[in-house]
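Report on the structure
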Amino acid sequence: MSEDRREPEERRRSDVRLRIEELREQIRHHQYRYYVEDDPEVSDAEYDELVRELEKLETEFPEFVTPDSPTQRVGGQVSELFAPVEHRTPMLSLDNAFTWDELSEWGRRVERAVGRAGDFVCELKIDGVAVALTYEDGRYIRGATRGDGYTGEDITANIRTVGGAPMRLRGEHSGVLEVRGEVYLPVKAFEEMNRELQEAGGRAFANPRNAAAGSLRQKDPGVTARRPLRLWVHGLGWADGRRFSRHSEALDHLREAGLPVNPDNAVLDSLEEVFAFCEKWQEGRHDVDYEIDGVVVKVDQISLQEELGATAKAPRWAIAYKFPPEERTTLLRGIFTHTGRTGKVTPFAQLEPVFVGGVTVTTATLHNESEVARKDVRPGDHVIVRRAGDVIPEVVGPVMQKRKRGARRWKFPKECPSCGTPLVREESEADWRCPNREGCPSQNIEWLFHFAGRGAMDIEHLGYKTGMALMDRGWVADPADVYFITEEQLAELPGFKEKSIGNLLGAIEGSKDRPIWRLLVGLNIRHVGTTVARMLTRAFPSTERLAAAKMEEIEAVEGIGPEIARSVHEWFRRPESKRLLKKLRKAGVRMEDPEPGGPTPDGPLAGKRVVLTGGLESMSRDEATKAAEAAGARVTSSVSKSTDFVVAGTDPGSKYDKAVSLGVEIIDEEEFRRRLGL
Ligand code: IVH
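The structure contained in this document is the topic of the report that follows.

So, how was this worked out
- Residues numbered from 1 in each chain as written.
- Predicted model: local features only at pLDDT ≥ 70, side-chain atom pairs only at ≥ 80, totals over all residues.
- Heavy atoms only, no water.
- Buried < 20%, exposed > 50% of the residue type's maximum accessible area, 1.4 Å probe, protein only.
- Helix = DSSP H or I, 4+ residues; strand = E, 2+ residues; numbered from the N terminus.
- Pairing = 2+ DSSP bridges.
- Contact = heavy atoms within 4.5 Å.
- Arc of directions from axis to C-beta.
- Axes fitted to C-alpha atoms, helices over the stretch in contact; angles between N-to-C directions.
- Polar contact = N/O pair within 3.5 Å; in protein donor to acceptor, adjacent residues only side chain to side chain.
- Near = heavy atom within 4 Å.
- Areas by Shrake-Rupley, 256 points an atom, 1.4 Å probe, with all protein chains shown as cover.
- Nonpolar A, V, L, I, M, F, W, Y, C, P; charged D, E, K, R; others polar.
- 1 Å grid on protein atoms, 1.4 Å probe; cavity = no way out; pocket = protein on both sides within 12 Å on 5 of 7 lines; lining within 4 Å.
- Points joined across faces, edges and corners; volume = space filled by probe spheres on them.
- Parallel < 35°, antiparallel > 145°, perpendicular 65-115°, else oblique.
- Left-handed = near helix turned anticlockwise from the far one by under 90°.

This next bit is on the pairing of strand β16 (residues 394-398). Most of β16 is tucked away: four of the five residues are buried. In the sheet, strand β15 (residues 382-387) pairs with β16 via four bridges, with the strands oriented antiparallel. In the sheet register, R386 faces β16, and the bridge partner there is E394.

Of all the positions in helix α8 (residues 247-256), only H247, S248, A250, L251, H253 and L254 are classed as buried. Packing partners of the buried residues in α8 comprise β3 (120-126), β7 (176-184), β8 (230-239), β9 (266-268), β10 (292-299) and α10 (302-308). Following α8 by one or two positions, G258 adopts a phi angle in the positive range, close to 95°.

The subject of this paragraph is helix α24 (residues 669-676). Residues E669, F672 and L676 constitute the buried set of α24. Seen from one end, α24 has its buried residues packed into an arc of 55°, which puts them on one side. Facing away from the buried side of α24 by more than 90 degrees, the exposed set consists of E670 and R674. Summarising the contacts, the buried residues of α24 are in contact with β18 (609-613), α22 (621-630), β20 (645-648) and β21 (665-667). In the segment just after α24, G677 is the residue with positive phi, at about 80°.

With that settled, consider unusual backbone geometry. Even without being glycine, D137 reaches a positive phi, approximately 50°. Here D137 shows up in the loop between β4 (129-136) and β5 (139-145). Even without being glycine, H527 reaches a positive phi, approximately 75°. Residue position: H527 is located in the loop between α16 (516-522) and α17 (530-539). With a relative accessible area of 36%, H527 lands in the partly exposed category.

Moving on, we get to the sheet that holds β5. Overall, antiparallel pairing links the four strands, which are arranged β5-β4-β7-β8 in an open sheet. Looking at the sheet topology across the chains shown, the edges are occupied by β5 and β8. For this sheet the average axis-to-axis angle between neighbouring strands, irrespective of direction, equals 30°. With eight bridges joining them, β7 and β8 adopt antiparallel strand pairing. Looking at the pairing, R180 lines up with G235 of β8. Across the sheet, helix α6 (residues 208-216) lies against β4 and β7, angled at about 40° from β4, the strand it touches most.

Topologically, G237 is positioned in strand β8. In this view, G237 contacts T89, E178, V179 and R180; residues no more than four positions away in its chain are not counted.

Before going further, it helps to examine the side chain of S104. Among the structural elements, S104 can be located in helix α3 (residues 100-114). Taking the relative accessible area as the measure of exposure, S104 reaches 14% and is therefore buried. At 3.3 Å, the side chain of S104 forms a polar contact with the backbone oxygen of D101.

This brings us to the sheet that holds β10. The sheet built from five strands is open, its strands ordered β2-β11-β10-β3-β9 with mixed pairing. Single-partner strands in this sheet number two, and they are β2 (96-97) and β9. Pairing analysis gives three bridges linking β3 to β9, with the strands arranged antiparallel. Residue pairing in the sheet places F120 in a bridge with L268 of β9.

Taken together, L92, L94, E123, L124, K125, I126, A130, E182, H234, V296, K298 and P315 make up the full set of residues adjacent to the ligand. The separation between a nitrogen atom of the ligand and a polar main-chain atom of L124 is 3.3 Å. For the ligand, the accessible surface in isolation is 520 Å², of which the surrounding protein chains cover 88%. Among the secondary structure elements, those contributing two or more residues to the shell around the ligand are β3 and β10. Counting residues per element, the shell around the ligand draws most heavily on β3, at four residues. In terms of residue class, the shell around the ligand is built from seven nonpolar, one polar and four charged.

Time to look at empty space enclosed by the protein. The tally for this structure, following the rule as stated, stands at three cavities of 30 Å³ or more. Empty space within the largest cavity amounts to approximately 80 Å³. Lining the largest cavity we find V85, E86, H87, R88, A132, T134, R142, G143, A144, E178 and S638. Of all elements in the fold, only β1 (84-86), β4 and β5 reach the threshold of two or more residues within the lining of the largest cavity.

A packed helix pair is summarised by two numbers, namely the angle formed by the two axes and the spacing between the axes. Running from amino to carboxyl end, α3 crosses helix α9 (residues 271-283) at an angle of 150°, the nearest separation of the two axes being 11 Å. If you check the angle between α3 and α9, you find them roughly antiparallel. Considering how the two elements wind past one another, α3 and α9 form a crossing that is right-handed. In this structure, α3 uses W100, L103, S104, G107, R108 and E111 to contact α9, whose residues at the interface are L271, V274, F275, C278, E279 and Q282.

These figures capture arrangement, not role.
Written out as structure tokens, the structure is:
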């Protein structure tokens, strides 16, 4: 392999990558100030500006999106469903090495810093979902996602269904043991699951990692249980009364305790061997039945790890060597266009199927007209196709030596590929659009799919196939019609039986009660994604109020600029929008948020962090949580130094002891009720 894979034309990409890293660093810093220190340095609007810039760059360069990017968790990530869990020690991320140079530089830095060579543990980098599992006296008590690294979500019940996650450890264990690992979905199971989902008319997942994440975030653990999730454990978060001298020793201990530790890990004593390990797995990455996107190299001796320390973001004693994106050549059968939900027309490559990056690729986006021109790919060319991990496949460019004589440049169509309407393009924009908003079949099906999608109304079992069948029969013209579908109609669709009919109708019914930011996202208003929708609904907690708002009032919302405000204002004034909202209201879809904006900023417990432990006499745990939240508190499930007070009921658990040891205030039920104002 060459020492440096960067080609000259990739310079911009490398600049963008740096900027992305910088933005992430800043965003993480501000999240830390906000969430952990409770002492923000910047206004919400300034913070949102950073997030928006990052989102924009990541949309343009999807290959740089990483699971730990702040965009992957802001807005809607700390979900409505799962209680926050503070991690005992932060779940850090890893620095990446993309070339051999970067890897050996890290190795040299380590050796320089500690003055001698240590041993290294090499582990496969699992492309899954980071989790923390806590055991108390050997019993499983809690599972949590990584969240922002400091606060995750409680997924205790769902983790119970993960294959290989023991509920009780082998041997004698006292006190708390918290292990960290990765939940993943084996590739074969993923493919099978997607096939089943699609056959049932539901929505497929883009890749195994998304599928694993989606499965872990199910409200009903029964659904999670049907997904064959697995776990690899790769480290410790906390171990009461245990000291290990080596990481490998800790891993052995975990394995003996019955936790799944990857048998392909290796302890190596030189950088040469580390390179050989990385090279071997780069070649053999598809030899295992789960996705790996690199090798994690860790300094083995804990004493050296401590000497090296960590930055706010990642330890200095570990690095992730990331595999380069896989590339293959294949035949470009043709270039076609597709009209999306906003009317934007996107060209894409139709390819001779090619296996790359662990999946078979048949199409790849070409983004827009100028991108096709820049790459100069022509139908009939042999082209290089690249796919990195979960990233959407990309056509890199043509293999010029193989170009046939007379190969013609491709021309962008003048008309919409779906409805034939002449396309339009604003001068300042790169994209052609189909202006036929209401009558274009492609825009409508894409809108329906978006409306039902996981980021919007989240209607499970409503995928393309079912959506298309409903539209073809004329039963559904816009998303609101979905709420008027009958059992009899579904029974006419091929493949629909009693159970699948029940599932779909149940999912449709269930979606009526979503928070209204989800509805707003689903309405397909230009520039309104999750973040904007949340900002808007915080200020206008009902569609009626938003519809009545003047331009200036919308623009006055922090983080909303004039372009977004204009787009929102205009949308609510269109007659077809009014008709749609009326239909949604008639269907019984929730149009306002009962508890606007979450915690009451001026409630009696405003800004307090509260932990509940033990049973209460006068209310259930659920009621107590709701009451505390309504009073403005944040209820977390573990005690830390930043906890304001612990409410101890009868038979309090280990949280009580933790509170005592940290000197956190402990109050009883009576005092709790008093503070709630009850
Ligand atoms: S160690 C402080 N080991 O990769 C060390 N992480 O890109 C933290 N990951 O957040 C992580 N396989 O979710 C470690 N063998 C492995 C891993 C691994 C996958 C994930 C992990 C981390 C992410 C960083």
